[in-house]
Each structure stands twice: as C-alpha cells, then as structure tokens.
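# Observations on the model geometry
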Amino acid sequence: MTPPPAPTMAAESNGAAAVHGGHRRRHVLLFPLPFQGHINPMFRLAGVLHSRGFAITVFHTHFNAPDPARHPDYRFVPVPDGMSGPAPVAIEDVVVQISTLSVACEAPFRDRLAAVLEEYSRDAVACLVADTHLLPIVEVATRLSVPTLALRTGSAASFACFVAHPMLCEKGYLPVQESQRDTPVSELPPYRVRDLMYIGKDGQGVLCELLARAVAAVKSSSGLILNTFDALERQELMDIRRNLAVPVFDIGPLHKFSPAAESSLLRQDRSCLEWLDTQPPESVLYVSFGSLACMSLRDLVETAWGIAGSGVPFLWVVRPGLVRGCAHQLPEGFEVATRGRGMVVAWAPQEEVLRHRAVGGFWTHNGWNSTTESVCEGVPMLCRPYFGDQMGNARYVEHVWRVGFEVGGELERGSVEAAIRRLMADRGGAEMRARAGELKKATAECTGKGGSSCQAIDKLVMHMMSL
Ligand code: UDX
C-alpha cells in the first residue's frame, strides 16, 4: 500500500501552526480519560500520529495530569476538572467520577478549545480524538466544528457489550441474578452472565448511563479507533463494522507502534529488570493487578502464601492502594519464606517485564492493556478479573484464545499454589504457552509491514487528513 501523504497544509492560514520541513503541519488534538489504562493507549496513539507528521496538542485534566517535561514535542493544555479530595477507590466511585469529571470539564474545555482554534486557525486542526467516555468533550468540539474521533481503549467485544447493554437489561441478563451467573449470553458469545460489566444493583443506573454516553460519543464522531487487532478479534470487528455507521480503525496493539509512551503515573522500579536478568528463561511468574483493582487484606495474605507455597520465582507488583483502606502489609514471614526467589515492587516497567525472557507467566486482573501486552509477548495468563471489562477479557483468554485460565472463587492459598503450578510447571501450562507463542506470531503479522494494523493506521491518517 502506498504510504499516505505527510499531514501538511496546502495553503497558509492565519494563526500559529507547527512548521515541519517547510510545511505547516496539521494538528491533532487529544483528550484522554485520566486513568492509567486509558492514558497509556492515548499517548501511544499520540506517538503514532506524531511519527506520521501531525503536531500533537493534549488537553488534560488536573487529576492524573501528564508530565509535559516527558513529552517535549507535544503541547499541553490543562483543563480544570472541578475535582478536589482524594482519588476514588471503589469502582462505583470511579464510574461516578468519570461522569462528573467529563461534565465539569465541558465549559473550561470550550474556552480553551476556542482559544486554541483561534491560535492555530480552524483549518490547521485535523480533528480531536477523545476517549469514548468523554461525551461532553466530543459535543463541545462538534459545536465548534472540529471533527472528532473516539478512542475506545478496550476490546471490540467489550464495546459490543456497551452497545448491547440496553438489550441485556431488557432480556433480563442484567441486573445479574446469582442463580444465572453461568448462563450463556446467547446474543454475545462467548460471554456468560458473570462476564458482563456489572457493579451491583445500586450502580446499575450510573453504569447504564456511562455506557450509553460512550456509545453516543462514538455515534456522533467521525470514526472509532480501537486498540485491538485482527489476530485477536476478527469476528468481533466484523460485527462492530456491520452495526456501526462510522468507520472503525483497529490499529492495536498501540504499544507495539509507539513503545516509549512515557505516560506512567507512578515511578517504574527498573531494578526488577536486573533481577530478572539473573533468572532462568520462562521461570518467573509476574503478578500485577493493574492501576485500579483493589483486593481485601485477606486476599492479599492468601495470595502471598499461595505464591510462597508454589515454590515458583515471582515478581509481584504491590502498588500503593492495592489493599483498600489500609497501608497493605505483606504477611509477616513472607519475605523470609521467599528470600532469593522473588521480588516485590510498587510499580514495574510492565511492557519490558513481559518482554523479558525470564518471565513465563502473568497473573493478571485482565485490564485490556495488560491482556494485549501479555499476548504480544506470548506470555500465558492466570486470570483474576475484578470489574468492568476484565471478566470479559478473562473469558476470551481462557475460552477463545486458550492462553490462560481463571483463578475463580474465594482466594485460598492452596488453590493459588495449585493454579500457579498448573501454569508454570504442568503440561497444561506448557500447552497454553505454546498457543500463546502462536498468538504472538499472529500478532507480529498484524503489526508487521503491510499487516492489518499497519494498514488501519494508514487509513486512519488518510481519514484524518480528509476531515
Ligand atoms: C483500567 C481497567 O481496570 C481495565 O479494565 C480497562 O480495560 C482499562 O482501564 P488498568 O487497571 O489500568 O485498567 O489496567 P490495564 O488496562 O491493564 O492498564 C494498566 C497499564 O499500566 C498497562 O499499560 C501496564 O503496562 C501499566 N503498568 C501496570 C505498569 O506500567 N506497571 C505496573 O506495575 C503495572
């Protein structure tokens, strides 16, 4: 395929615009949702678009603001978000915060966008890419005649669940009834009721609204960008394209196109890479539950003793706030019991960890980024999903791609120990690792020259230039 033209402007227009090779560059404006799992893919998208010649302007909230010093090539525009007090911890609070924050940003964003448009000139701006959860931001841009694209940072299958949410309520799948948890959702295979997004009866109203607004954001945009790819979700992508009137760009996994995102909110402890260097190939279990999931102190203790009892070398991310409501303490004696065999860090350079030859398994919460990062490196997974799309992602890992399995039920040290051994030492685990290796190859084809994701990026760039 012929590479798309560099995004430069044919004619001079008023106002400041970045100059690139003697041409005026076109600007792409970005507005990420300020949570780690959403910030990372948005910054990777920024990296992709910047490498294709676009100038990048990032609008951002004060909450979880990026560090402009780490991105000297981008312009940053802070938008007051009306937030005060500590970051939310419970998932119901996160859902409420997303809505509150996007509404609070609406008026200040309008003023700042208007100022930016005046400065760059309207013609110099190609479009705004906003997270699907920022409908008010999409609406402001539309009112100011700026074309928008929506970035959905999760899987195509999870977005299909957003679209299907009213139907799932109408047909009685939701709210989840305890007795129905294992019932297959025949309209959305391979999901079972337990795999659907659900935050309890009290949260049903806000969740419905959140998902409906995300779908509205996509439908009122000029396209949907998905951080997924053909090797993982061919059928799901076909279904979405059939059901949506806007073009869909499956350009993932974005971290493979723009690895140095520099968008980590916590400092990554790189000393674990040196420790991994000392470990035999595929011997280490990497354990991380992402940036938001919380566990009880009891579960932390059972997890710790399960890891200790398995005898398997491990690297465990115990981030601040992992245990709700207490400065988590690993159980007394854990350090002594595992000395020389494991490492605990507050935050890791995850992509590099998963790429490390010493890592042979990933115990994950199945956030979409963690899931795709693991898939890309051929690392099989132990799944312990907590909320949102994580249960659905775990279902795909176990049932569709067959590169891992879920540790379900109450966490007990004995079952944790057995699950770790199954993944790391048994034949079953070896088979999953072999399939993960095949999926890694298929992924590399998507991201390689002429692969489906490369083609989608070319199409996206051309689309942005045509808006
Ligand atoms: C949240 C939701 O939990 C998830 O369900 C949704 O798909 C995206 O938003 P989060 O908990 O942040 O995700 O998990 P995930 O999507 O996996 O993103 C975490 C990111 O942080 C990954 O890119 C990962 O590489 C990075 N990370 C994680 C680190 O850099 N260091 C760590 O120690 C752990």
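A brief look at the structure comes next. What you are looking at is a predicted structure, and each value in this text was computed from that prediction instead of being measured. (Residues numbered from 1 in each chain as written. Predicted model: local features only at pLDDT ≥ 70, side-chain atom pairs only at ≥ 80, totals over all residues. Heavy atoms only, no water.)

### Remarks on the overall build of the protein chain
In terms of regular secondary structure, the protein chain is built from 15 helices and 15 strands. Taking 467 residues into account, the globule formula puts the C-alpha radius of gyration at 23 Å, and the protein chain, at 22 Å, falls close to it. Its C-alpha atoms give the protein chain principal-axis dimensions of roughly 70 × 50 × 45 Å. Of the contacts made within the protein chain by residues no fewer than 6 positions apart, 72% connect residues no fewer than 24 positions apart. Where the 45 positive side-chain charges of the protein chain centre and where its 49 negative ones centre are 3 Å apart. (Helix = DSSP H or I, 4+ residues; strand = E, 2+ residues; numbered from the N terminus. Rg over C-alpha atoms; globule rule 2.2 N^0.38 Å. Contact = heavy atoms within 4.5 Å. Lys, Arg positive; Asp, Glu negative; His and termini not counted. Charge placed at Lys NZ, Arg CZ, Asp CG, Glu CD.)

### Some words on helix α3 (residues 135–143)
Listing the buried residues of α3 in full gives Leu135, Pro136, Ile137, Val138, Val140 and Ala141. After α3 finishes, the residue serine 145 shows a positive phi value of roughly 60 degrees. (Buried < 20%, exposed > 50% of the residue type's maximum accessible area, 1.4 Å probe, protein only.)

### Considering the packing of aromatic side chains
Here the structure, examined in full by the defined rule, presents 16 aromatic pairs. A centroid spacing of 5.0 Å and a plane angle of 85 degrees characterise the contact between phenylalanine 59 and phenylalanine 109, whose relative ring orientation is edge-to-face. Of the two residues, phenylalanine 59 sits in strand β4 (residues 55–61) while phenylalanine 109 sits in helix α2 (residues 91–120), which places them 50 residues apart along the sequence. Consider the rings of tryptophan 368 and tryptophan 401, whose centres lie 6.3 Å apart with planes at 50 degrees: the pair is tilted. Taken together, the positions of tryptophan 368 in helix α11 (residues 368–376) and tryptophan 401 in the loop between α12 (390–400) and β15 (404–406) put the pair 33 residues apart, joining distant regions of the chain. An aromatic cluster is defined as three or more aromatic residues linked by ring pairs; in this entry it consists of Tyr191, Trp368, Tyr396 and Trp401. The side chain of arginine 422 reaches across the aromatic face of phenylalanine 405, ending 3.8 Å from its centre. (Phe/Tyr/Trp six-rings, centres within 6.5 Å; stacked < 30°, edge-to-face > 60°. Lys NZ or Arg CZ within 6 Å of the ring centre and 35° of its normal.)

### Quick word on the environment of glycine 414
Along the chain, glycine 414 turns up in helix α13 (residues 413–424). Sequence spacing of glycine 414 and serine 310 is 104 residues, and the spatial spacing of their C-alpha atoms is 8.9 Å.

### Section: the site of the ligand
Surrounding the ligand, one finds 23 residues, the nearest of these being Ser291, Ala348, Ser370, Asp389 and Gln390. One of the side-chain N or O atoms of tryptophan 347 is found 3.4 Å from a nitrogen atom in the ligand. Within the backbone of tryptophan 368, one N or O atom sits 3.1 Å away from an oxygen atom of the ligand. Counting residues per element, the ones that place at least two in the shell around the ligand are α1 (36–51), β10 (284–288) and α11. Split into classes, the residues belonging to the shell around the ligand amount to 7 nonpolar, 14 polar and 2 charged. Each of domain 1 (15–262 + 449–466) and domain 2 (271–425) accounts for three or more of the residues forming the shell around the ligand. (Near = heavy atom within 4 Å. Polar contact = N/O pair within 3.5 Å; in protein donor to acceptor, adjacent residues only side chain to side chain. Nonpolar A, V, L, I, M, F, W, Y, C, P; charged D, E, K, R; others polar. Domains from an automatic or database assignment.)

### Topic: the nonpolar core
Leu315, Trp316 and Trp363 are the most contacted members of the largest nonpolar core, which totals 123 residues. When residues are assigned to domains, this core turns out to be shared by domain 1 (15–262 + 449–466) and domain 2 (271–425), each giving three or more. Setting aside chain neighbours within four positions, we find tryptophan 316 in contact with Val287, Phe289, Leu300, Thr303, Ala304, Ile307, Leu330, Phe334, Met343, Val344 and Val345. Ranked by size, the runner-up nonpolar core spans 28 residues in total, among them Ile39, Leu45, Ile56 and Cys127. (Core = buried A, V, L, I, M, F, W, Y, C linked by side-chain atoms within 4.5 Å.)

### Thoughts on the layout of surface pockets
Taken as a whole, the second largest pocket spans an internal volume of roughly 770 Å³. Lining the second largest pocket we find 33 residues, and of these Arg181, Pro385, Tyr386, Phe387 and Met391 sit closest to its centre. Looking at the lining of the second largest pocket, the elements with two or more residues in it are α2 and α8 (297–310). Among the elements that take part in the lining of the second largest pocket, α2 stands out by supplying 3 residues, more than any other. Partitioned by chemical class, the residues of the lining of the second largest pocket number 19 nonpolar, 2 polar and 12 charged. (1 Å grid on protein atoms, 1.4 Å probe; cavity = no way out; pocket = protein on both sides within 12 Å on 5 of 7 lines; lining within 4 Å. Points joined across faces, edges and corners; volume = space filled by probe spheres on them.)

### Some details on empty space enclosed by the protein
The method is simple in principle: a probe with the dimensions of a water molecule rolls over the atoms, and the space it marks as empty is what remains. What the rule picks out here adds up to 2 cavities of 30 Å³ or more. Of the voids in this model, the largest cavity is the one considered here, and its volume is about 60 Å³. Lining the largest cavity are Pro32, Pro34, Ile39, Phe43, His60, Thr61, Asn64, Ala65 and Pro66. Those elements that provide at least two residues to the lining of the largest cavity are α1 and β4.

### Things to note about the sheet that holds strand β3 (residues 27–31)
The sheet built from 7 strands is open, its strands ordered β5-β4-β3-β6-β7-β8-β9 with parallel pairing. Strands at the two margins of the open sheet, each flanked by one partner only, are β5 (75–79) and β9 (248–250). Within this sheet the neighbouring strands show an average axis-to-axis angle of 20 degrees, counted without direction. Against the sheet, helix α15 (residues 452–466) engages β3, β6 (125–131), β7 (148–152), β8 (224–226) and β9, with an angle of about 140 degrees to β9. (Pairing = 2+ DSSP bridges. Axes fitted to C-alpha atoms, helices over the stretch in contact; angles between N-to-C directions.)

### What to know about the state of the cysteines
All chains considered together, the criterion is met by 0 disulfides. Summary of cysteine pairing: cysteine 105 is not part of a disulfide, and the nearest cysteine sulfur, belonging to cysteine 127, is at 19 Å. Here cysteine 105 falls in the buried class, since its relative accessible area comes to 1%. Unpaired in this structure, cysteine 446 has its nearest cysteine sulfur neighbour in cysteine 454, at a distance of 9.1 Å. (Disulfide = S-S within 2.5 Å.)

### A closer look at the packing of α2 against helix α5 (residues 204–219)
Following both chains from N to C, one finds α2 and α5 inclined at 50 degrees, their axes separated by 9 Å at the closest point. In this view, α2 runs oblique relative to α5, as classed from their interaxial angle. As for the relative orientation of α2 and α5, their crossing is left-handed in sense. On α5, the residues that touch Val95, Val96, Ile98, Ser99, Ser102 and Val103 of α2 are Val206, Leu207, Leu210 and Arg213. (Parallel < 35°, antiparallel > 145°, perpendicular 65-115°, else oblique. Left-handed = near helix turned anticlockwise from the far one by under 90°.)

### Quick look at the sheet that holds β15
With parallel pairing, the 6 strands of this open sheet are ordered in space as β12-β11-β10-β13-β14-β15. A single partner strand is all that each edge strand has here, and the edge strands are β12 (342–345) and β15. On average, adjacent strands in this sheet sit at an angle of 15 degrees to one another, irrespective of strand direction. Taken together, the 3 bridges between strand β13 (residues 359–364) and strand β14 (residues 381–383) define a ladder with parallel strand orientation.

So yeah, pure geometry; function would need other evidence.
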